[in-house]
Amino acid sequence: MTDANADRTADTLSRPFSVRGLTSRNRIAMAPMTRQFSPAGVPGQDVADYYTRRAAGGVGLIITEGTYIDHSSAGTSDRVPRFHGEDALAGWADVADSVHRAGGAIIPQLWHVGVTRAEGAPPVADAEPVGPSGVSLTGEPKGRAMTQKDLDDVIAAFADAAAAAERLGFDGVELHGAHGYLIDQFLWSGSNRRTDAYGGDLVARTRFAAEIVAACRAAVSDAFPLFFRMSQWKQDAYEAKLAQTPEELDSLLTPLAEAGVDVFHASTRRYWLPEFEGSDLNLAGWVKKISGRPTMTVGSVGLDGDFFGAFQGNSSGVTGIEQLLERIENDEFDMVAVGRALIADPEWAAKTLRGDTGNITPFSAEMLKTLR
Ligand SMILES: Cc1cc2nc3c(=O)[nH]c(=O)nc-3n(C[C@H](O)[C@H](O)[C@H](O)COP(=O)(O)O)c2cc1C
């Protein structure tokens, strides 16, 4: 990267971002990534060190891997960390403290997997998978339809987790409303066949998510921000679209924004793809424009070997950093989440900010096998 390009990168990405009481010292977030290195659901010192390395390596905001709320059907692995129980919460307090000492802000991603839970899976082997209608994302019978008591319990469990996060010293929480897990199963017509107030049109299908957001808002202080991760795509259905048009996206976002979402994290697999015809805006861009809330983009940032080469004009430029900077400078979105590139190189953020991009370690799938 030339000096001028390095300066532009630093100028654009180094600006702090604040929402309620949270300040990220720059625009780079670590995307939430399940790693399954927490035996019996307890994050240990190795997990604290893993996140701390990324904070010390320049990441402004760490979003933790999905962590299960306190509901017997919330999870599907006993190596995914819980966000309840004294042992797990003590582990999380250490994680938050350690990341703060390295200069990073940190929020946990709160997760319930819904009907994607495998039958008989840990952590609670005899807990049945539950979801809006007892069907999978594609409408096949799976698990059991949630009763009003189930809904109330899950809403309360999300709120308890948000309150615990604030008590433990985290800077906010992210609700996992994406990728076909429980909250998204309610949003998605393929899995939500309910005929009560939680099913029907898109606005009705947001009711469960909005009630979770409102309950979390009521459980935390004014200083504590709520992030909401949403996606069009689902596990095993990359082409799925919750909203076919900006108007439909508005129906989905407005109840969530009104319920108290502070930041929308718009999950896409390639951040540069336009979301709807007739505009270059990506999903985070549309969500910001429609909701008026700050947004975070994500998807293959820094994965293409030519990402930084785009400045030299030796790449198609489509996935290059120049386009990312331009979009931030145009206020299309506020933050950028980086996933696999940060697994590969804990110092990705610092190297990018100082223009030392020739020394970035590229990602390979092998790297997922260890918690480096
Ligand atoms: C190993 C792995 C685990 C993931 N786990 C989660 C998760 O727990 N929650 C979530 O919302 N997304 C999860 N994702 C998606 C990432 O947050 C991110 O959106 C995706 O990897 C695209 O970003 P990238 O191209 O920068 O890696 C995961 C991705 C990977 C590679």
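Keep in mind it's a predicted model, so treat the numbers as computed, not measured.

**Structural notes on the overall build of the protein**
Then comes step 1: The secondary structure content of the protein amounts to 12 helices and 12 strands.
Then comes step 2: The C-alpha atoms of the protein give a radius of gyration of 20 Å, which matches the 21 Å a tight globule of 372 residues would have.
Then comes step 3: Each of the three principal axes of the protein carries a C-alpha extent, and together these read 60 × 50 × 40 Å.
Then comes step 4: Looking at the protein residue by residue over its 372 residues, the buried ones come to 60%.
Then comes step 5: Excluding contacts between residues fewer than 6 apart, the proportion of contacts in the protein whose partners are at least 24 apart in sequence is 72%.
Then comes step 6: When the accessible surface of the protein is split by element, carbon and sulfur atoms take 49% of a total near 13,900 Å².
Then comes step 7: In the protein, the 35 positive side-chain charges and the 50 negative ones have mean positions that sit 2 Å from each other.

**Looking at unusual backbone geometry**
Then comes step 1: Across the junction of proline 122 and proline 123, the peptide omega takes the value 5°, indicating a cis bond.
Then comes step 2: Note on placement: proline 123 falls in the loop between β5 (105–111) and β6 (130–131).
Then comes step 3: One non-glycine residue, histidine 179, adopts positive backbone phi at about 60°.
Then comes step 4: Relative to the assigned elements, histidine 179 resides in the loop between β8 (173–176) and α5 (182–187).
Then comes step 5: Judged by its relative accessible area of 8%, histidine 179 is buried.
Then comes step 6: If you check the backbone angles, serine 300 has positive phi at about 65° while not being a glycine.
Then comes step 7: Counting through the fold element by element, serine 300 comes out in the loop between β11 (295–298) and α10 (321–329).

**What about the packing of helix α1 (residues 3–13) against α10?**
Then comes step 1: Where α1 meets α10, the axes come as close as 10 Å, and the angle between the chain directions of the two elements is 40°. It follows from the interaxial angle that α1 and α10 lie oblique. Crossing geometry of α1 relative to α10 is assigned as left-handed. Residues Arg8, Thr9, Thr12 and Leu13 of α1 touch α10, and the partners they reach there are Ile321, Glu322, Leu325, Glu326, Ile328 and Glu329.
Then comes step 2: By residue class, the composition of the contact of α1 with α10 is 4 nonpolar, 2 polar and 4 charged.

**Some details on α1**
Then comes step 1: Regarding α1, the residues found buried are Asn5, Ala6, Thr9, Ala10, Thr12 and Leu13.
Then comes step 2: Tucked into the core, α1 has its buried residues touching β3 (28–30), α10 and α12 (348–353).

**Some thoughts on the environment of tyrosine 271**
Then comes step 1: Note on placement: tyrosine 271 falls in the loop between β10 (263–267) and α9 (283–291).
Then comes step 2: The class of tyrosine 271 is buried, set by a relative accessible area of 0%.
Then comes step 3: In sequence terms tyrosine 271 and alanine 284 are 13 residues apart; their C-alpha atoms lie 8.4 Å from each other.

**Points about the site of the ligand**
Then comes step 1: In the vicinity of the ligand there are 17 residues, among which Pro32, Thr34, Arg229, Ser300 and Arg340 approach most closely.
Then comes step 2: Take arginine 229: an N or O atom from its side chain is 2.7 Å from an oxygen atom of the ligand.
Then comes step 3: In this structure, an oxygen atom belonging to the ligand sits 2.6 Å away from a main-chain N or O atom of serine 300.
Then comes step 4: Class assignment of the residues belonging to the shell around the ligand gives a composition of 7 nonpolar, 8 polar and 2 charged.

**Points about the packing of aromatic side chains**
Then comes step 1: Counted by the stated rule, this structure contains 11 aromatic pairs.
Then comes step 2: An angle of 75° between the planes, with centres 5.5 Å apart, marks the rings of phenylalanine 276 and tryptophan 286 as edge-to-face. Of the two residues, phenylalanine 276 sits in the loop between β10 and α9 while tryptophan 286 sits in helix α9, which places them 10 residues apart along the sequence. Taken individually, phenylalanine 276 and tryptophan 286 each receive the classification buried, so the pair is uniform in this respect.
Then comes step 3: The rings of Tyr68, Trp111 and Tyr181 are connected pair by pair, giving a single aromatic cluster.
Then comes step 4: Over the ring of tyrosine 198 we find arginine 207, and its NZ or CZ is 5.1 Å from the ring centre.
Then comes step 5: The side chain of arginine 269 reaches across the aromatic face of tyrosine 238, ending 3.7 Å from its centre.

Each value, and the rule that gives it
- Residues numbered from 1 in each chain as written.
- Predicted model: local features only at pLDDT ≥ 70, side-chain atom pairs only at ≥ 80, totals over all residues.
- Heavy atoms only, no water.
- Helix = DSSP H or I, 4+ residues; strand = E, 2+ residues; numbered from the N terminus.
- Rg over C-alpha atoms; globule rule 2.2 N^0.38 Å.
- Buried < 20%, exposed > 50% of the residue type's maximum accessible area, 1.4 Å probe, protein only.
- Contact = heavy atoms within 4.5 Å.
- Areas by Shrake-Rupley, 256 points an atom, 1.4 Å probe, with all protein chains shown as cover.
- Lys, Arg positive; Asp, Glu negative; His and termini not counted.
- Charge placed at Lys NZ, Arg CZ, Asp CG, Glu CD.
- Axes fitted to C-alpha atoms, helices over the stretch in contact; angles between N-to-C directions.
- Parallel < 35°, antiparallel > 145°, perpendicular 65-115°, else oblique.
- Left-handed = near helix turned anticlockwise from the far one by under 90°.
- Nonpolar A, V, L, I, M, F, W, Y, C, P; charged D, E, K, R; others polar.
- Near = heavy atom within 4 Å.
- Polar contact = N/O pair within 3.5 Å; in protein donor to acceptor, adjacent residues only side chain to side chain.
- Phe/Tyr/Trp six-rings, centres within 6.5 Å; stacked < 30°, edge-to-face > 60°.
- Lys NZ or Arg CZ within 6 Å of the ring centre and 35° of its normal.

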